[in-house]
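An overview of the molecular structure
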Amino acid sequence: MSVIVIKYGGSLLDEPGHRTTFLKDIAELFKKQDIMLVHGGGKEISRQMEQAGLKPQFVNGRRFTDEATMAVVKKALSRLNEEIVSELGKLGVPAFGRSGQEDHLMEAEVVEELGRVGIPKKVNASALEAVLSKRAMPVFYSVAEDSHHQALNVNADDFAQTLAIAAHADFLIFLTDTGGVLDGKGALITKITPEEILMLEESKVIKGGMLVKVKACMDALAKGVGRVDIVKGIGYLLDPIHVTPDGTLVTHGH
C-alpha cells in the first residue's frame, strides 16, 4: 500500500476548530490509506520558552537552540505529541507517538551556528520498516539525534520530507495557515515549479519559514516523491474527484 506523509504544524495546531476537522479527516483517510503524520509545534515551544525566561531567536526561519532551549523543545513537542495521539485514539485511530531519536530512526548533522539544530542526514531503514509494519498510524515529532545519539531540534518540514523520501512516499503534504505559496501581491499560487520557486526566492517574495518549506518540497520531488502539496486542509483527499485542493501543488512542470 502507498504511503502519504502529512506534516501538520504552524499556527494551525493552535486553532481548535481546524485541529478537530483535520483529525476527523485524517481518521477517515486512514481507513483506506497508510499515513505517517509529522507535527511541529513552534508556537507552543515559544510559549514555553517565554515562561522559562528564554527568548526565542530565529536565523533564516530556523530556531536557534541552545541546551536550555533543547530541553523545552523536547518537553513541548512530546506533550503535544501525546495530545494528538490521544485525540486520534478517541476518533478510533490506532496511533502511536515517536521522535526521530527512538530506535535511532533519524540521524541529523549539527548546524553549528544554530546550536542543537540538525539537518536530517539519514533514516535507519530497519527502524522505519518496523514503524511501517505496525497496523497503526505513527505520529512523529521533529526531534532527531546526532552521531553520538544526542537530541537535535529538526525543522518539521525537513523531518517530514526526509521521512517521505526514505519511505518512497507517493505523496507529501504540508499543512500551513497561509494555505499555500503566495505571490508578491498576496494571491495564492495554485501550481509552482522549482524554477519559479528560485525566482521568487531571489526577489524575496518567498522567505523565512515558507522558504524552508518550499525547499523541502523541491528536494522531495528531486528524490522521487510523487507529488507535493502545500494546503490548509486535507478534505480534498477524501473526495479527490469532486474537490480540488485549495493550496499550492509543487510540480516539475505545468
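None of these values were measured; they are calculated from a predicted model.

Let us now look at the pattern of salt bridges. Across all of its chains, the model carries 16 salt bridges by this definition. Across the pair Glu87 and Arg19 runs a salt bridge, and its minimum N-O distance is 2.9 Å. Note that Glu87 is positioned in helix 3 (residues 67-90) and Arg19 in helix 1 (residues 16-30), a separation of 68 residues in sequence. Residue classification places Arg19 among the buried positions, given a relative accessible area of 10%. In this structure, Glu67 and Arg116 form a salt bridge, with 3.9 Å as the shortest nitrogen-oxygen distance. On the criterion of sequence distance, the pair formed by Glu67 in helix 3 and Arg116 in the loop between strand 6 (106-110) and strand 7 (117-123) is long-range, its members being 49 residues apart.

In spatial order, the strands read 5-8-2-1-11-15-16-14; together these 8 strands make up an open sheet with mixed pairing. Strands with a single pairing partner mark the edges of an open sheet, and in this sheet they are strand 5 (95-99) and strand 14 (191-192). Strand direction decides the pairing type here: strand 14 and strand 16 (residues 247-250), joined by 2 bridges, are parallel. Bridge pairing in strand 16 places Ile192 opposite Val250.

Another aspect to go through is the packing of helix 2 (residues 42-51) against helix 3. Across the interface, helix 2 lies against helix 3 with an axial gap of 9 Å and an inter-helix angle of 130 degrees. It follows from the interaxial angle that helix 2 and helix 3 lie oblique. By crossing handedness, the relation of helix 2 to helix 3 is classed as right-handed. Contact with helix 2, carried on its side by Glu44, Ile45, Gln48 and Met49, involves Thr69, Val72, Val73, Lys75, Ala76, Leu77 and Arg79 of helix 3 and no other residues of that element.

Moving on to the nonpolar core. Core analysis: the largest hydrophobic core is formed by 44 residues, its most contacted members being Val5, Leu163, Leu172 and Val228. A per-element tally of this core places helix 7 (residues 208-222) first, with 8 residues. Core analysis: the second largest hydrophobic core is formed by 27 residues, Leu13, Met137, Val139 and Val231 among them.

How each quantity is defined
Residues numbered from 1 in each chain as written. Predicted model: local features only at pLDDT ≥ 70, side-chain atom pairs only at ≥ 80, totals over all residues. Heavy atoms only, no water. Salt bridge = Lys/Arg side-chain N within 4 Å of Asp/Glu carboxyl O. Helix = DSSP H or I, 4+ residues; strand = E, 2+ residues; numbered from the N terminus. Buried < 20%, exposed > 50% of the residue type's maximum accessible area, 1.4 Å probe, protein only. Pairing = 2+ DSSP bridges. Axes fitted to C-alpha atoms, helices over the stretch in contact; angles between N-to-C directions. Parallel < 35°, antiparallel > 145°, perpendicular 65-115°, else oblique. Left-handed = near helix turned anticlockwise from the far one by under 90°. Contact = heavy atoms within 4.5 Å. Core = buried A, V, L, I, M, F, W, Y, C linked by side-chain atoms within 4.5 Å.

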